[in-house]
Amino acid sequence: VTLVAEMQDDARKPTASLDRLSELLRGDLARVNTLILERMQSPVALIPQLAGHIIAAGGKRLRPMLTLACARLCGYRGGTDEAGDRHVTLAAAVEFIHTATLLHDDVVDASDLRRGLATANAVWGNKPSVLVGDFLFSRAFQLMVEDGSLKVLGILSHASAVIAEGEVLQLVTSNDTATDEAAYLAVIRAKTAQLFAAASQIGAVIANRPDAEEEALTAFGLNLGIAFQLVDDMLDYSARQAELGKTVGDDFRDGKITLPIVLAFKRGDEQERRFWRRTLEQSEQSDDDLDRAIALLHKHGALRETLERARHYGTQARAALAGFADCAEKRALIEAVDFCLARGY
Ligand code: IPE
Ligand code: IPE
Ligand code: MG
Ligand code: MG
């Protein structure tokens, strides 16, 4: 834990924050939040109750900020008569898709803590969480229809299908210590990176930019999303829970085969592999097994290497922005990459 904390502290330069991005987008973000609150309403009281619980708990709003910032990077200027508020509408749709996947994900992962609060499934149970997740997905699609672009609808509906595929693929690989890096990467590309990619790409689409810029922003989002999930999977074994706002050790208790596990299993001796098979495949765990697991991850440098892998994808994400002229949006997006690599929450 010390080593990883140390590496994170190294990376925690003053620039490694989302502050510049949220400052730059403050006005637009406030409008996104207003739209979210407006569109989560329903005469069925349980819907705004449950949705309001997870939405008011905050979250980083990273994905909608990608949409807003990429649109501006591409020269889109909202609020004008010609351009309108497409960036705000679509950023809200992106956050609704994200929120819906979180509600579903916490049911599937049986998680108790999200954004520092009890999960919706812990408070109201699994059934309302799944159904309100469906409601938020549907709200996202209504917003896209209001926007009226079939191209954007195509990008985000594709991303939604791929996210669901990723979550199912993950279910299939869980409790299976034979899962390799390629299978793990396929899961995280699908369940996390696709939405980062789509959120970034649609910024270029609404600015009517040429294909090359759209592709560059798609690559930016995809690489950032992969880095983001690699760090998330490292943090599940190493974060300060109070800072993370989620229960540390959930992935281990669930038998999730993330990169740290893949690496430690591969490098482990026969006795260690018996430990992993018992705890992750047979799901037989006792109280001190998480500590043992963390010790083995450190022994094999698995958390450090996961972070190094994330840094590689972070470098790819930054490189994808190379063709854009220097501007406040570009600098803020680069700082967002730094944040994703240094984050503890
Ligand atoms: C959580 O995403 C789900 C993952 C892809 C790991 P975030 O960490 O962006 O969640 P919030 O929105 O900030 O709570
Ligand atoms: C990300 O995976 C889930 C989604 C993309 C919906 P995780 O299961 O690791 O996310 P957390 O840790 O619960 O936020
Ligand atoms: Mg989860
Ligand atoms: Mg996680």
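Up top is the structure these notes are about.
Residues numbered from 1 in each chain as written. Chains lettered and ligands numbered in written order. Predicted model: local features only at pLDDT ≥ 70, side-chain atom pairs only at ≥ 80, totals over all residues. Heavy atoms only, no water.

S.K.: I tried to follow the environment of Ala110 on my own but got confused; where do I start?
M.R.: Among the secondary structure elements, Ala110 is positioned in the loop between helix H6 (86-108) and strand S1 (113-114). Judged by its relative accessible area of 54%, Ala110 falls in the exposed class. In the structure, Ala110 is positioned 143 residues away from Arg253 in sequence and 9.9 Å away in space, judged by C-alpha atoms. (Helix = DSSP H or I, 4+ residues; strand = E, 2+ residues; numbered from the N terminus. Buried < 20%, exposed > 50% of the residue type's maximum accessible area, 1.4 Å probe, protein only.)

S.K.: Got a minute to help me understand the coordination of the magnesium ion (ligand 3) in this structure?
M.R.: Ideal donor angles around a metal are set by the shape: a four-donor tetrahedron calls for 109.5 degrees, a six-donor octahedron for 90 or 180 degrees. Only Asp105 (OD) and Asp109 (OD) from the protein reach the magnesium ion (ligand 3) as donors, at distances of 2.0 to 2.1 Å. If you look at the magnesium ion (ligand 3) and the magnesium ion (ligand 4), they sit 4.9 Å from each other. Neither residue differs from the other here; Asp105 and Asp109 are each classed as buried. (Donors = N, O, S within 2.8 Å, 3.2 Å for Na, K, Ca; no water.)

S.K.: Honestly, the nonpolar core in this entry has me stumped. Any pointers?
M.R.: Nonpolar side chains tend to gather and get buried jointly when the protein is soluble and globular. Among the nonpolar cores identified, the biggest contains 108 residues, and Leu21, Leu156, Phe220, Trp276 and Leu333 are the most heavily contacted of them. Residue contributions to this core peak at 13 residues, all from helix H11 (residues 211-238). Contact partners of Leu21, with chain neighbours within four places excluded, come to Met65, Ala69, Ala332, Leu333 and Ala336. (Core = buried A, V, L, I, M, F, W, Y, C linked by side-chain atoms within 4.5 Å. Contact = heavy atoms within 4.5 Å.)

S.K.: Would you mind going over the site of ligand 2 with me for this structure?
M.R.: Neighbouring ligand 2 are Thr101, Asp105, Asp109, Arg114, Glu167, Lys191, Thr192, Gln229, Asp232, Lys246 and Lys256. Arg114 is positioned such that a nitrogen or oxygen atom in its side chain is 2.7 Å from an oxygen atom of ligand 2. Burial of ligand 2 by the protein amounts to 90% of the accessible area it has alone, namely 390 Å². The set of elements that each furnish at least two residues to the shell around ligand 2 consists of H6, helix H10 (181-206) and H11. Among the residues making up the shell around ligand 2, the classes are represented as no nonpolar, three polar and eight charged. (Near = heavy atom within 4 Å. Polar contact = N/O pair within 3.5 Å; in protein donor to acceptor, adjacent residues only side chain to side chain. Areas by Shrake-Rupley, 256 points an atom, 1.4 Å probe, with all protein chains shown as cover. Nonpolar A, V, L, I, M, F, W, Y, C, P; charged D, E, K, R; others polar.)

S.K.: Sorry, what's going on with the environment of Glu181 here?
M.R.: With respect to the helices, strands and loops of the structure, Glu181 is situated in helix H10. Taking the relative accessible area as the measure of exposure, Glu181 reaches 25% and is therefore partly exposed. Taking C-alpha positions, Glu181 is 32 Å from Lys330, a pair spaced 149 residues apart along the chain. One polar contact links Glu181 to Arg309, side chain to side chain, over a distance of 2.7 Å.

S.K.: Please explain the pattern of salt bridges as it appears in this structure.
M.R.: If charged atoms from side chains of opposite charge come close, those side chains can pair. In this structure the tally under the stated criterion is 30 salt bridges. Notably, a salt bridge pairs Arg39 with Glu146, separated by 2.7 Å at the nearest N-O pair. On the criterion of sequence distance, the pair formed by Arg39 in helix H3 (residues 26-39) and Glu146 in helix H8 (residues 126-147) is long-range, its members being 107 residues apart. The residue Glu305 makes a salt bridge to Arg309 at a minimum N-O spacing of 2.8 Å. Within this pair, Glu305 and its partner Arg309 are both found in helix H17 (residues 302-320), separated by four residues, close to a single helical turn. Three or more residues are tied together by salt bridges with common partners; here these are Glu181, Lys266, Arg267, Glu305 and Arg309. (Salt bridge = Lys/Arg side-chain N within 4 Å of Asp/Glu carboxyl O.)

S.K.: When you look at the site of ligand 1 in this model, what are you seeing that I'm missing?
M.R.: All residues in the neighbourhood of ligand 1 are listed as Gly59, Lys60, Arg63, His98, Leu102, Arg114, Arg115, Thr192, Phe228, Gln229 and Asp232. A distance of 2.6 Å separates an oxygen atom of ligand 1 from a polar atom in the side chain of Lys60. Contact between ligand 1 and Arg63: an oxygen atom at 2.7 Å from a side-chain N or O atom of the residue. Surface burial for ligand 1 is 90%, taken as the share of its 390 Å² of free accessible area covered by protein chains. If you list the elements that add at least two residues to the shell around ligand 1, you get H6 and H11. In terms of residue count, H11 provides more of the shell around ligand 1 than any other element does, three residues in total. The class makeup of the residues in the shell around ligand 1 is two nonpolar, four polar and five charged.

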